Amino acid sequence: MPRARISPSLELEYDVTGDAGAPPIVLAMGFSMQMIAWDEEFCAALAARGFRVVRFDNRDIGLSTHLAHLGMPDFMRAMMGDASAAPYTLADMADDVAGLLDALDLRAAHVVGASMGGFIVQELAIRHPERVLSLASIMSTTGARNVGQPTPEASAALLTPPAADRAAAIDRALGIWRVIGSPGFPFDEARIRLRTERAWDRDHDPTGVARQIAAIFTSRDRTVDLGRVRVPTVVIHGAADPLVPLAGGEATASAIPGARLVVIPGMGHDLTQGAWPTIIDAIVDNAARAVA
């Protein structure tokens, strides 16, 4: 897979699916998740709808640059919202995406973000509005502290200690997705196992994950700035999401003028395969609004 140089000290691993001349769509994944969490079949389905699909590893994850020199963040200060405790911000991660577009010689793209990836593409639309053709925010929120907060059970699952080996990583992942996944759809243990195995083999760096979560803990409330977003926007959210409850998606849709809210019954905080047709239709229909 290729790597895009974003700055002298940062490269992002990425891959592309679809025709070179098709409209580009960039997929940003969530906290601790590598780009392979955007399933190849999902990407192929988007490409079949007429897009050039770009997925990438965020900084500090997968095969992108790991910023080990920044060290381990102070979790207590970060959880209290002290921005100085985070080695970098979600805005920095949004700038990474703008840098990826530069590296791929793309003036602008349709952008889709899931969970933390939703935070990132929201920041991209705020900070670099000329680079965004349409915006899809999936299972995400505005950063406001009074909406979209996780249940205690979801928080506890996500913050379980990192695994020491491959087998433990699989057990940990199965435990997490049983808590935050989609109760209205079949639990696909085989797919989770395979994805976790692949992710472990590509990379496992608990300190990089810690720096990402510090960026989330110290993220700002984007509500007011989202009011300036003028690109076609769809907000996609599961009705049964315990990690970012539906109120977070509702707040996002309310904050962005003209945004459409698509609520998927039975969907939790995952891209469960049974919801793909609804998610893909929503993304494609929203992108079509950008050229209508």
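Before any of the text, the structure's been laid out above.
The structure reproduced in this document is the subject of the present report. As the structure is a prediction and not an experimental result, all values here were calculated from the model.

**Observations regarding the packing of aromatic side chains**
Phase 1: Counting across every chain of the model gives two aromatic pairs.
Phase 2: What links up through ring pairs into an aromatic cluster is the set Trp38, Phe42 and Trp276.
Phase 3: The aromatic ring of Tyr88 is capped on one face by Arg59, whose charged end is 4.6 Å from the ring centroid.

**Some points on the environment of Phe185**
Phase 1: Along the chain, Phe185 turns up in the loop between α6 (166-180) and α7 (189-202).
Phase 2: Between the C-alpha atom of Phe185 and that of Val262, which follows or precedes it by 77 residues, the distance is 17 Å.
Phase 3: Here Phe185 is in contact with Ile264, Pro265, Gly266, Met267, Thr272, Gly274 and Ala275, once residues within four sequence places are set aside.

**What about unusual backbone geometry?**
Phase 1: A positive phi angle is found at Asp60, which is not glycine, with a value near 75 degrees.
Phase 2: For Asp60, the position within the fold is in the loop between β4 (52-56) and α2 (75-79).
Phase 3: Exposure remark for Asp60: the relative accessible area of 0% places this residue in the buried category.
Phase 4: Its identity as a non-glycine residue notwithstanding, Ser115 has a phi of 60 degrees, on the positive side.

**Looking at the side chain of His269**
Phase 1: Topologically, His269 is positioned in the loop between β8 (260-264) and α11 (276-289).
Phase 2: His269 gets classed as buried once you look at its relative accessible area, which sits at 4%.
Phase 3: Among the polar contacts listed, one links the side chain of His269 to the side chain of Ser115, at a separation of 2.7 Å.
Phase 4: Of the polar contacts made by the side chain of His269, one reaches the side chain of Asp241; its length is 2.8 Å.
Phase 5: Ignoring anything within four residues of it in the chain, the contact list for His269 reads Ser115, Met139, Trp177, Ile180, Gly181, Asp241, Pro242, Leu243 and Val244.

**A few points about the pairing of β4**
Phase 1: The buried fraction of β4 amounts to five of the five residues, a majority that puts the element mostly inside the structure.
Phase 2: In this fold, strand β3 (residues 24-28) hands off to helix α1 (residues 40-48), which returns the chain to β4; that crossover is right-handed.

**Overview of the nonpolar core**
Phase 1: Counting 42 residues, the largest nonpolar core has Val26, Phe56, Leu90, Leu100, Met116, Leu135 and Val229 as its most contacted members.
Phase 2: If near-sequence neighbours (up to four positions away) are discounted, Leu135 is found in contact with Val111, Val121, Gln122, Ala125, Val229, Val231, Pro232, Thr233, Val234, Ile256 and Asn286.

**Quick look at the packing of helix α3 (residues 90-103) against helix α4 (residues 116-127)**
Phase 1: In contact at an axis separation of 8 Å, α3 and α4 are set at 70 degrees when each is read in the N-to-C sense. Taken together, the axes of α3 and α4 lie roughly perpendicular to each other. Side by side, α3 and α4 meet where Leu90, Ala91, Met93, Ala94, Asp95, Val97 and Ala98 of the first sit next to Met116, Phe119, Ile120, Glu123, Leu124 and Arg127 of the second.
Phase 2: Residue composition of the contact of α3 with α4, grouped by class: 10 nonpolar, no polar and three charged.

**Comments concerning the sheet that holds β3**
Phase 1: Pairing within the open sheet is mixed, and its eight strands lie in the order β1-β2-β4-β3-β5-β6-β7-β8. Strand pairing shows two members of the sheet lacking a second neighbour, β1 (3-7) and β8, which therefore form its edges. In this sheet, adjacent strand axes meet at a mean angle of 25 degrees when their direction is disregarded.
Phase 2: Direction of pairing for strand β2 (residues 10-17) relative to β4: antiparallel, over a ladder of four bridges. Looking at β4, one finds that Val16 is bridged to Val54.

**Things to note about the side chain of Asp270**
Phase 1: With respect to the element layout, Asp270 can be found in the loop between β8 and α11.
Phase 2: No salt bridge is formed by the buried Asp270. Its closest oppositely charged neighbour is Arg195, at 6.8 Å.
Phase 3: A distance of 2.4 Å separates a polar atom in the side chain of Asp270 from a polar atom in the side chain of Ser182.
Phase 4: Setting aside anything within four residues of it in sequence, one finds Asp270 in contact with Met139, Trp177, Gly181 and Ser182.

**Considering the pattern of salt bridges**
Phase 1: Tallying each qualifying case throughout the model produces 23 salt bridges.
Phase 2: With its nearest N and O atoms 3.0 Å apart, the salt bridge here joins Arg202 to Asp57. Remark: Asp57 occurs in the loop between β4 and α2 and Arg202 occurs in helix α7; sequence separation between them is 145 residues. For the residue pair Arg202 and Asp57, the accessibility class agrees, reading buried in each case.
Phase 3: Residues participating in the shared-partner salt-bridge network are Arg3, Arg5, Glu11 and Glu13.

Conventions and cut-offs
Residues numbered from 1 in each chain as written. Predicted model: local features only at pLDDT ≥ 70, side-chain atom pairs only at ≥ 80, totals over all residues. Heavy atoms only, no water. Phe/Tyr/Trp six-rings, centres within 6.5 Å; stacked < 30°, edge-to-face > 60°. Lys NZ or Arg CZ within 6 Å of the ring centre and 35° of its normal. Helix = DSSP H or I, 4+ residues; strand = E, 2+ residues; numbered from the N terminus. Contact = heavy atoms within 4.5 Å. Buried < 20%, exposed > 50% of the residue type's maximum accessible area, 1.4 Å probe, protein only. Polar contact = N/O pair within 3.5 Å; in protein donor to acceptor, adjacent residues only side chain to side chain. Right-handed = clockwise from strand over helix to strand, strands pointing away. Core = buried A, V, L, I, M, F, W, Y, C linked by side-chain atoms within 4.5 Å. Axes fitted to C-alpha atoms, helices over the stretch in contact; angles between N-to-C directions. Parallel < 35°, antiparallel > 145°, perpendicular 65-115°, else oblique. Nonpolar A, V, L, I, M, F, W, Y, C, P; charged D, E, K, R; others polar. Pairing = 2+ DSSP bridges. Lys, Arg positive; Asp, Glu negative; His and termini not counted. Salt bridge = Lys/Arg side-chain N within 4 Å of Asp/Glu carboxyl O.

Function cannot be read off these values alone, since they describe shape.
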